[in-house]
Amino acid sequence: GERVDLEQNFIRASGGTIIPQKVTGPVEKKTTQEETYLLLADGMDLKEVAEARSLTLGTIIDHVEKLHHAGRLSREEVEAYMSPRLRKALPTLIEAFETKGKALGPVYASFKGKYSYDDLKLARALSS
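Description of the structure in this document. What you see is a predicted model, and the numbers here were worked out from it, not measured in a lab.

Quick word on the pattern of salt bridges
Reasoning step 1: The full count for this structure, using the stated rule, is 6 salt bridges.
Reasoning step 2: Across the pair Lys-121 and Asp-62 runs a salt bridge, and its minimum N-O distance is 3.1 Å. Here Lys-121, found in helix H8 (residues 117-125), pairs with Asp-62, found in helix H4 (residues 57-69); they are 59 residues apart in sequence, far enough to count as distant.
Reasoning step 3: For Lys-121, a relative accessible area of 12% gives the class buried.
Reasoning step 4: Among the residues examined, Asp-62 registers a relative accessible area of 27% and is labelled partly exposed.
Reasoning step 5: One salt bridge connects Asp-118 with Lys-121, and the closest N-O pair in it is separated by 3.8 Å. One end of the pair, Asp-118, and the other, Lys-121, are both in helix H8, 3 residues apart, so they sit about a helical turn from each other.

Section: the nonpolar core
Reasoning step 1: In this structure, Leu-46, Val-64, Val-78, Met-82, Leu-93, Leu-120 and Leu-122 are the most contacted members of the largest nonpolar core, which totals 25 residues.
Reasoning step 2: Looking at this core, the elements with two or more residues in it are helix H3 (46-53), H4, helix H6 (84-100), helix H7 (104-110) and H8.
Reasoning step 3: It is H6 that provides the largest number of residues to this core, a total of 7 residues.
Reasoning step 4: Those residues in contact with Leu-122, other than ones at most four positions away along the chain, are Leu-46, Ile-61, Val-64, Val-78, Tyr-81, Met-82 and Leu-86.

Let's talk about the environment of Met-82
Reasoning step 1: When you line up the elements, Met-82 lands in the loop between helix H5 (75-80) and H6.
Reasoning step 2: Taking the relative accessible area as the measure of exposure, Met-82 reaches 4% and is therefore buried.
Reasoning step 3: Taking the C-alpha atoms as reference points, Met-82 and Gly-71, 11 residues apart in sequence, are found 18 Å from one another.
Reasoning step 4: Excluding residues that lie within four positions of it along the chain, Met-82 makes contacts with Arg-87, Leu-90, Leu-122, Ala-123 and Leu-126.

Considerations on the side chain of Asp-119
Reasoning step 1: Following the sequence through the fold, Asp-119 ends up in helix H8.
Reasoning step 2: Put simply, Asp-119 is tucked away with no salt bridge, and the nearest opposite charge, on Arg-85, sits 4.1 Å away.
Reasoning step 3: Once residues lying within four places of it in the same chain are set aside, the contact partners of Asp-119 are Arg-85 and Leu-86.

Quick notes on the rules
- Residues numbered from 1 in each chain as written.
- Predicted model: local features only at pLDDT ≥ 70, side-chain atom pairs only at ≥ 80, totals over all residues.
- Heavy atoms only, no water.
- Salt bridge = Lys/Arg side-chain N within 4 Å of Asp/Glu carboxyl O.
- Helix = DSSP H or I, 4+ residues; strand = E, 2+ residues; numbered from the N terminus.
- Buried < 20%, exposed > 50% of the residue type's maximum accessible area, 1.4 Å probe, protein only.
- Core = buried A, V, L, I, M, F, W, Y, C linked by side-chain atoms within 4.5 Å.
- Contact = heavy atoms within 4.5 Å.
- Lys, Arg positive; Asp, Glu negative; His and termini not counted.

Take a look at the structure:
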């Protein structure tokens, strides 16, 4: 406030003029999940989004999980990112999350590494 007034007074005293600037308000910054959502909505698959954003696949899958819980991605959309093998195992994986809790480690251990942590994150997104 005061600094702007001093600067404007100096400009006027020096023979300059002040051109009013249009106030547009704050610029909305997209969240990282929103940026991921927009790329997914454009038809990119998970790996393409990870490459385009220079993020890991695991981070993009975290975003998918959060977007699903926020109601931005439907169950069907999340399932579309799963491999056929994972979709087939989904009922068993969901049951494991319901009995062992939401932590990935116990579910991963119970399947003796048969499913990657990324696969389990996608399944966990649909388990609640």
